[in-house]
Amino acid sequence: MIKFRNKKQIRAIGVVSAVILSGILTVFYFAMNPTGNIFNIFDYKALDIFYKLAVKRGEGPKASFTPEIVYLNITDETYNFFDKNYLDRKDMATLNNTLSHLGTEGVIYDIIFARKSTEKSDLAFSASIETLGNVYLPTALVLSEKPYRFRWKNDAAHERLSSNYLGNPYEKLTTENDRRPFYAVKALMQQNEFAIKARGSGDINAKADRDGIYRHITMLARVDDRYFPTLALSVFLDWAGVSLNDVSVEWGEKITIPASKESFLDKDVIIPIDRHGRTFIPFVQAMGKDFGYMSVHTLISNFQDEDLRGNLLERFEGNFVFVGDIAIGTSDLGYTPLQSDAPLVITHASLLNALLTNTFYSQWPLFKILVLICMFMAIMACASIARSSRFLYGTGIFIIIAVPVLTWIEFVSFRLFPVVTVSSVLMLIFFAFIATLETSGSKERAFIRNTFARYLPETVVNTLLAHPDMVTLGGEERIVTVLFSDIANFTTIAESLSPKELVTLLNEYFTEMADIIMHNGGIIDKFQGDSIMAEFGMPIPLDDHADRAVTAALQMLDRLSELRNIWKNRDSDISGTQDISGQTKNYRYGYYELHCRIGINTNNMIAGNMGSKNVLDYTVIGDAVNLASRLEGANKLYGTSLIISRFTLNSLSQGRFKTRILDYVKVKGKNKPVRIYEVYGETENNKKNGQNKQDIEQVNYNFDKNNHSDMYYVLYHQGFQAYMAQEFTKASNLFNDALTLRPGDLSSVRMLERIDKIDKSRHPDSNWDGSVSLTTK
């Protein structure tokens, strides 16, 4: 059964939970503004690891097969092939003319031909663009996060941009704040004669994340009041037969390219974007492992061989071809999650592949992240409430394992999870709970030490400090054995002593008795006047608490007998000595007259801290406590020293103690009678057996007929049985026989007095229970 912390600690956990929740909401609110993205650079760095693992295990994006993507690379060998150290457009014209025979779906240049070359080369290249008919020449926009008016130029390239490439997709806006596109300030355009011959264009701009790694690309850039698509999106829209004006945009959510009767799409293409219109680039692999590739000079050389043209046609027909310069010193290189120093043409090729396969990574929305964090926080809060810290630490270990596992599951499902952000928040929450519990725990440990150090041996206190869950300070119901002891005739003794002598006597007496109680595993609840109240089985539960209590009581009686002799001898030694004034003083304090009475009861009691707000005491309350107190006082009536209840007897180990039935009584304030017993020693075997409890109805006396003490107990027991059976004559005879063996025995006298008062003519009586009410405490 799970035990819980006290109310004060639970309230502290609740307050901390509320503060944490408020902090999370505040942090997430500000984290969302103005970027619109809860992910941070450390999340992406962690996701890079998952990305590499996913690709290695074949769980990453797949390459398109219809159509395919092919790289045509301009390499160092290409420059050597043309025997030039620059890119001659006449050679590019040769490339275009070659491709015109291979039936490509589209040829996308990752090169901007912004300045004039030789007239002959430019004319040749321009003519080849027109001949090929499906060439896409990029535009490089200069972007800003702040609104700008675009710097238009009066030339054919800018006219083509305005009239053919810009559009107005449908924007779904809740508020204007939802839209935070990048604004084009100006553009680096292709030469006019090339721009007007190209089939299409798109933005070639690619901006690395803050750590220098290219993970995102801007899908749409705002040019005045219209939008310009990125290069791969422009190519795809033309291929799919969808106008930019038919595209819908939900900033911070997605771009939807609709499938229609007029398009070649089977279903809508969904592109997840942030509020800037950026999407996470789904790289298939490192460049060279993702798509087919060939160098430009190899293509031209093989095309000249008629035997190899068939292979080239198979490679290029119906496919998209990306032309990029990857020669040393000329290529545009950058880091991707899968590769260092990758030619950045891979960003556009990978994006086009994602569009063709409709495969994109979406990010976890803020709401789901908040729900998940709150769920884990609730789990940690519940674990914190448990008394044992193992639950909280176990929850922490579970979270450490669960978050990366969740990240992996989500990643291979093409959903990005902010693993570092969530892990950091959850660890902060975890340590906040730990700090709260440590703070309250230190107070609890201080309370335990201050409370129990007075009552328990240091080893037991240390056990409680190491395992505070063993005690419930807030109050609980448990089965405990409580012991009350009182000095007989204390008032008379006290009157014969000076205050100093009385305190000395009590301190010595209490020290001896307390040592015995604590040695047997009990705690001293309180000293009150001449009385001792002690409990067994709390705060540390003990299976044999009843045995320990009775053992302690017998040892207390034995030790007090020894002390009476010690005190008597001490008085004899110093009696008649002179004090400082020279007067003879008698030091016979009457110590040897000291006797104590003990009552013990076992039952359910309420144990815990009780008292005022500023003054608390760890104690027990309940009817069972009152009964033990009444039993202590009943010793005076029966002339006994140690009385236990039926409940305690039933909890004792079988055969360990010598017990005898004493009476059937109703204590003051109670109507239900209870059997009470005298314990007058331990058996010779003195064997503990927790599984076999003392039989309260059975008395097995191994007595010696010549032993008057043994015979007395047998006779009294038989007399009490006869009394309960309403055989009063027989009972009187047996009690008188017992008195013969123990003259003046109060218990036998009380029974005979009671029998004498019974109206024998009204017995047997089925309603008679034989009990007697104790009128005193």
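Check the entry above for the structure.
Just so we're clear, the structure is a prediction, and the values are computed from it rather than from any experiment. (Residues numbered from 1 in each chain as written. Predicted model: local features only at pLDDT ≥ 70, side-chain atom pairs only at ≥ 80, totals over all residues. Heavy atoms only, no water.)

J.: Please provide a residue-by-residue account of the overall build of the chain, values included.
T.: Regarding its fold elements, the chain presents 23 helices and 28 strands. In the chain, which comprises 777 residues, the proportion classed as buried is 50%. The contacts in the chain between residues at least 6 apart in sequence include a share of 75% that link residues at least 24 apart. Total accessible area on the chain stands at roughly 37,200 Å², and carbon and sulfur atoms take up 51% of it. (Helix = DSSP H or I, 4+ residues; strand = E, 2+ residues; numbered from the N terminus. Buried < 20%, exposed > 50% of the residue type's maximum accessible area, 1.4 Å probe, protein only. Contact = heavy atoms within 4.5 Å. Areas by Shrake-Rupley, 256 points an atom, 1.4 Å probe, with all protein chains shown as cover.)

J.: Residues and numbers for the sheet that holds strand S10 (residues 248-250), please.
T.: Read across the open sheet, the four strands follow the order S5-S10-S11-S12; overall the sheet is mixed. Because the sheet does not close on itself, it has two edges, and the strands there are strand S5 (170-171) and strand S12 (269-272). Note that strand S11 (residues 254-257) and S12 share four bridges and pair antiparallel. Bridging from a neighbouring strand, Ile 257 pairs with Val 269 of S12. (Pairing = 2+ DSSP bridges.)

J.: Which residues make up the sheet that holds strand S14 (residues 292-295), and what values go with them?
T.: Taken together, five strands build an open sheet; the order of strands is S3-S2-S15-S1-S14 and the sheet is parallel. The sheet is open, and its two edges are formed by strand S3 (135-136) and S14, each paired on a single side. Against the sheet, helix H4 (residues 89-99) contacts strand S1 (69-74), strand S2 (106-109) and strand S15 (320-325), and its axis sits at roughly 160° relative to S2. (Axes fitted to C-alpha atoms, helices over the stretch in contact; angles between N-to-C directions.)

J.: I'd like to hear about a nonpolar patch on the surface, residue by residue, with values.
T.: A contiguous nonpolar patch, built from Ile 397, Ile 400, Ile 401, Val 405 and Ile 409 and spanning about 470 Å² of accessible area, is present on the exposed surface. With respect to the helices and strands, Ile 397 occurs in helix H13 (residues 390-412). (Patch = residues over 30% accessible without salt bridge, like charges linked within 9 Å, V, L, I, M, F, W, Y side chains within 5 Å. Salt bridge = Lys/Arg side-chain N within 4 Å of Asp/Glu carboxyl O.)

J.: Which residues make up the pairing of strand S27 (residues 674-682), and what are the values?
T.: Put simply, side chains in a regular strand alternate between the two faces of the sheet. For S27, the tally of buried residues reaches seven of nine residues, placing the bulk of the element in the interior. Pairing of strand S26 (residues 657-666) with S27, which is carried by eight bridges, proceeds in the antiparallel orientation. In the sheet register, Tyr 664 faces S27, and the bridge partner there is Arg 675.

J.: Any chance you could break down the environment of Leu 166 for me, citing the residues and the numbers?
T.: Positionally, Leu 166 belongs in the loop between helix H6 (156-165) and S5. For Leu 166, a relative accessible area of 11% translates into the label buried. Distance from Leu 166 to Arg 222, taken between C-alpha atoms, is 9.1 Å for residues 56 residues apart in sequence. Filtering out sequence-adjacent residues up to four positions away, Leu 166 remains in contact with Trp 152, Leu 161, Val 223, Arg 226, Tyr 227, Phe 228 and Leu 244.

J.: With reference to specific residues and values, describe the pairing of strand S22 (residues 531-536).
T.: The buried count for S22 comes to five of six residues, which makes it a mostly enclosed element. The pairing of strand S20 (residues 476-487) with S22 spans five bridges and is classified as antiparallel. The partner of Thr 481 across the bridge, within S22, is Phe 536. Pairing of strand S21 (residues 522-528) with S22 involves six bridges; the strand directions are antiparallel. Note that in S22 the partner of Lys 526 across the bridge is Met 533. As consecutive antiparallel partners, S21 and S22 are separated by two residues, and within that stretch Gly 529 has a phi angle of approximately 65°, a positive value.

J.: Give me the environment of Ala 124: which residues, what numbers.
T.: You can see Ala 124 is positioned in helix H5 (residues 119-132). For Ala 124, a relative accessible area of 25% puts it in the partly exposed group. Separated by 33 residues in sequence, Ala 124 and Asp 91 have C-alpha atoms that sit 8.9 Å apart.

J.: Go over unusual backbone geometry, please, and point to the residues and values.
T.: In terms of backbone geometry, most residues other than glycine have negative phi values and most peptide bonds are trans. Cis geometry is found at the peptide bond from Thr 66 to Pro 67, where omega equals -5°. Mapping Pro 67 onto the fold places it in the loop between helix H2 (41-56) and S1. For the bond running from His 763 to Pro 764, omega is 5°, close enough to zero to count as cis. The backbone phi angle of Asp 224 is positive, close to 55°, even though this residue is not glycine. Residue placement: Asp 224 occurs in the loop between strand S8 (220-223) and strand S9 (226-229).

J.: Outline the packing of aromatic side chains, listing residues and values.
T.: Applying the stated criterion across every chain, the model contains 33 aromatic pairs. Geometrically, the ring pair formed by Phe 150 and Trp 152 is edge-to-face, given 4.6 Å between the ring centres and 75° between the ring planes. Residues Phe 510 and Phe 527 carry aromatic rings whose centres are separated by 4.6 Å and whose planes lie at 35° to one another, so their mutual orientation is tilted. With a gap of 17 residues between them, Phe 510 in helix H17 (residues 499-519) and Phe 527 in strand S21 connect regions that are remote in the sequence. An aromatic cluster of three or more residues is present, and its members are Phe 39, Tyr 44, Tyr 51, Phe 280, Tyr 361, Phe 411 and Phe 414. Lying across the ring of Trp 364, Lys 368 places its NZ or CZ 4.5 Å from the centre. Its end group placed over the ring of Tyr 716, Arg 660 keeps NZ or CZ at 4.4 Å from the ring centre. (Phe/Tyr/Trp six-rings, centres within 6.5 Å; stacked < 30°, edge-to-face > 60°. Lys NZ or Arg CZ within 6 Å of the ring centre and 35° of its normal.)

J.: Quick rundown of the packing of H4 against helix H9 (residues 296-303)? Include the residues and the values.
T.: Direction vectors running N to C along H4 and H9 enclose 55°, while the axes themselves pass 10 Å from each other. On the basis of the axis angle, H4 is oblique to H9. For the crossing formed where H4 meets H9, the hand is left-handed. Contacts between H4 and H9 pair Thr 94, Leu 95, Thr 98 and Leu 99 from the former with Val 296, Leu 299, Ile 300 and Phe 303 from the latter. Broken down by class, the residue content of the contact of H4 with H9 amounts to six nonpolar, two polar and no charged. (Parallel < 35°, antiparallel > 145°, perpendicular 65-115°, else oblique. Left-handed = near helix turned anticlockwise from the far one by under 90°. Nonpolar A, V, L, I, M, F, W, Y, C, P; charged D, E, K, R; others polar.)

J.: Describe the pattern of salt bridges, listing the residues and the values that go with them.
T.: Enumeration according to the criterion identifies 24 salt bridges in this entry. A salt bridge links Arg 89 to Asp 122, with the shortest nitrogen-to-oxygen separation between them at 2.9 Å. One end of the pair, Arg 89, is in helix H4; the other, Asp 122, is in helix H5, with 33 residues separating them in the sequence. An identical accessibility class is assigned to Arg 89 and Asp 122; each is buried.

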